[in-house]
Amino acid sequence: MRSIRIALVGLVALVGSLLVAAPAQAAPVFKAPFACGQKWTYSHHSAEVRQALDFVRSDGGATSGAPVLASAAGTATRHYEANGAGNYIVIDHGSGWKTYYFHLNAFSVAHVGQGQQIGTTGSTGNSSGAHIHYEQLLNGVGQRITINGAALAYPGCYGSYHLTSDNGCGTGGRHWVDTFTDATGYAQPDTTDAQGILYAGTNYVYCKVWGQEIRGANGTYNHWWLKTDLDVTYAGKNGRGAYVSAYYLSRWGNDEARDNGGAVIPDC
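Caption draft 1: Structural context of the packing of aromatic side chains. Counting across every chain of the model gives 17 aromatic pairs. An angle of 45° between the planes, with centres 5.8 Å apart, marks the rings of Phe-180 and Tyr-248 as tilted. Linking Phe-180 in the loop between β15 (175–179) and β16 (183–186) with Tyr-248 in the segment after β22 (242–245), this pair joins segments that are 68 residues apart in sequence. With relative accessibility at 48%, the residue Phe-180 sits in the partly exposed group. Note on Tyr-248: relative accessible area 21%, which makes it partly exposed. Between the NZ or CZ atom of Arg-174 and the centre of the ring of Tyr-204, over which it lies, the distance is 3.9 Å.

The structure is reproduced here in structure tokens:
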């Protein structure tokens, strides 16, 4: 009997050691929650929960209305909290990992890929101005935020640290670009058949084609046209796969068509 008890004790100890030894799941390689090539500054204040960081744009572009992107692939769910997070998205990345995105103006829900837009930056809920409140959690516990495998600092005010995004740079057939004004989109790379409007700001495009020259009063010009999906479609027209002149890109010069990260947009 004594030998049986010893064997049972040994078996329990072995099972216990196996349970304790289960390794923690590795985190996804998270990327910045904003569009390719954009630079944002970030801060943390003591009232923030779960090691959150707040991001505002610092490259001269508008924070409000800027696209919010999924940091990693997962399943997104949509939520609302009137006196706190406002409109917010939670993405479940599996293995206990989740990311949170608070105070959104607009938001959507789906299975998302890394770099896919999930909403736009806003100031809904308990917020004093447009920003992205961003969290990374493991099994419900806030973790120190890491981007591309590197832990970020936790400054007490904006302006001390900045982060330039490489999220969505040329992935999934989309390239993020900034346009300096609302632009008309056309059925072909010329101005003969208007389809609708692409709003100024950060937009995705698929590819480029050579077409009619668009020239400005200051002598700037561009022959490249960018295939994209329009924000407004005219009655009876098709806003999907329309063409907008690369003249409206805010970062590049004559006959250039590059995304926000500087990569040349591929030919269609």
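Caption draft 2: Looking closely at the sheet that holds strand β9 (residues 117–121). What the three strands build is an open sheet, ordered β3-β9-β7; its pairing is antiparallel. Every interior strand has two partners, whereas the edge strands, β3 (67–69) and β7 (104–107), have only one. Across the sheet, the mean angle separating the axes of adjacent strands is 35° when strand polarity is ignored. Pairing of β7 with β9, which is carried by three bridges, proceeds in the antiparallel orientation.

Caption draft 3: Examining the state of the cysteines more closely. Tallying each qualifying case throughout the model produces one disulfide. Note that Cys-207 is cross-linked by a disulfide to Cys-268, the S-S spacing being 2.0 Å. Sign of the S-S torsion, about 95° for the bond between Cys-207 and Cys-268, identifies this disulfide as right-handed. Taken as a pair, Cys-207 in strand β19 (residues 207–215) and Cys-268 in the segment after β22 lie far apart in primary sequence, 61 residues in all. Owing to a relative accessible area of 10%, Cys-207 belongs among the buried residues under this scheme.

Caption draft 4: Up close: the nonpolar core. Counting 27 residues, the largest nonpolar core has Phe-55, Ile-89, Ile-91, Ile-118, Tyr-134, Leu-152 and Leu-163 as its most contacted members. Residue assignment for this core shows that the elements contributing at least two residues are β1 (39–43), β2 (53–57), β5 (86–94), β6 (97–102), β7 and β10 (132–138). In terms of residues, this core owes the most to one element, β10, which gives three residues. Other than its neighbours up to four places away in sequence, Leu-163 contacts Ala-32, Phe-34, Gln-38, Lys-39, Trp-40, Tyr-42, Phe-55, Ile-147 and Leu-152. Counting eight residues, the second-largest nonpolar core is a separate cluster that includes Val-205, Trp-224, Ala-246 and Leu-249.

Caption draft 5: Spotlight on the environment of Leu-230. Structurally, Leu-230 is set in the loop between β20 (221–228) and β21 (232–233). Linking Leu-230 and Tyr-199, residues 31 residues apart in sequence, is a C-alpha distance of 7.9 Å. Excluding residues that lie within four positions of it along the chain, Leu-230 makes contacts with Gly-185, Gln-195, Gly-196, Ile-197, Leu-198, Gly-239, Ala-242 and Val-244.

Caption draft 6: Structural context of the pairing of strand β4 (residues 74–81). Taken together, the two bridges between β4 and strand β8 (residues 111–112) define a ladder with antiparallel strand orientation. Looking across to β8, one finds that Gly-74 is bridged to Val-112. In this structure, β4 lies alongside β5, joined through seven bridges in antiparallel fashion. Within β5, the residue paired with Ala-76 across the bridge is Ile-91. Linking two consecutive strands that pair antiparallel, namely β4 and β5, is a turn of four residues.

Caption draft 7: Focus on the side chain of Lys-208. For Lys-208, the position within the fold is in strand β19. Taking relative accessible area as the criterion, Lys-208 reaches 7% and is therefore assigned buried. A distance of 2.7 Å separates a polar atom in the side chain of Lys-208 from the backbone oxygen of Ile-265. In contact with Lys-208, not counting residues within four places along its chain, are Trp-224, Trp-225, Leu-226, Ala-257, Val-264, Ile-265, Pro-266, Asp-267 and Cys-268.

Rules and cut-offs
- Along each chain, numbering runs from 1 in the same order as the chain's sequence is written.
- Local features are withheld for residues below a pLDDT of 70 in this predicted model, meaning they are given only at 70 or higher, and side-chain atom pairs are given and counted only at 80 or more; totals for whole chains, interfaces and linings count all residues.
- Each side-chain value is worked out from all heavy atoms of the structure, with water and hydrogens disregarded.
- Each aromatic pair joins two rings of Phe, Tyr and Trp (for Trp, the six-membered one) with centres within 6.5 Å, and gets the label stacked for planes under 30 degrees apart, edge-to-face for over 60, and tilted for any other angle.
- Each helix is a run of H or I in the DSSP string that is no shorter than four residues. Each strand is a run of E no shorter than two, and both are numbered from the N terminus.
- Exposed residues in this analysis have more than 50% of their type's maximum accessible area, buried residues have under 20%, and partly exposed residues fall in between, with area computed by a 1.4 Å probe over protein chains only.
- The rule is short: NZ of Lys or CZ of Arg within 6 Å of the ring centre and within 35 degrees of the ring normal puts a charge over the ring.
- Two strands are said to pair when DSSP picks up at least two bridges between them.
- Angular values range over 0 to 180 degrees, each being the angle between N-to-C directions of two axes fitted as lines to C-alpha atoms, with helices fitted over their stretch in contact.
- Put simply, a disulfide is two cysteine sulfurs that come within 2.5 Å.
- Among the buried residues, those of types Ala, Val, Leu, Ile, Met, Phe, Trp, Tyr and Cys that are joined through side-chain atoms within 4.5 Å form a nonpolar core.
- Every residue pair with non-hydrogen atoms within 4.5 Å of one another is taken to be in contact.
- The term polar contact refers here to a pair of N or O atoms within 3.5 Å; inside protein, the definition further demands a hydrogen-donor-capable atom paired with an acceptor-capable atom, and it admits residues adjacent in sequence only when both atoms are side-chain atoms.

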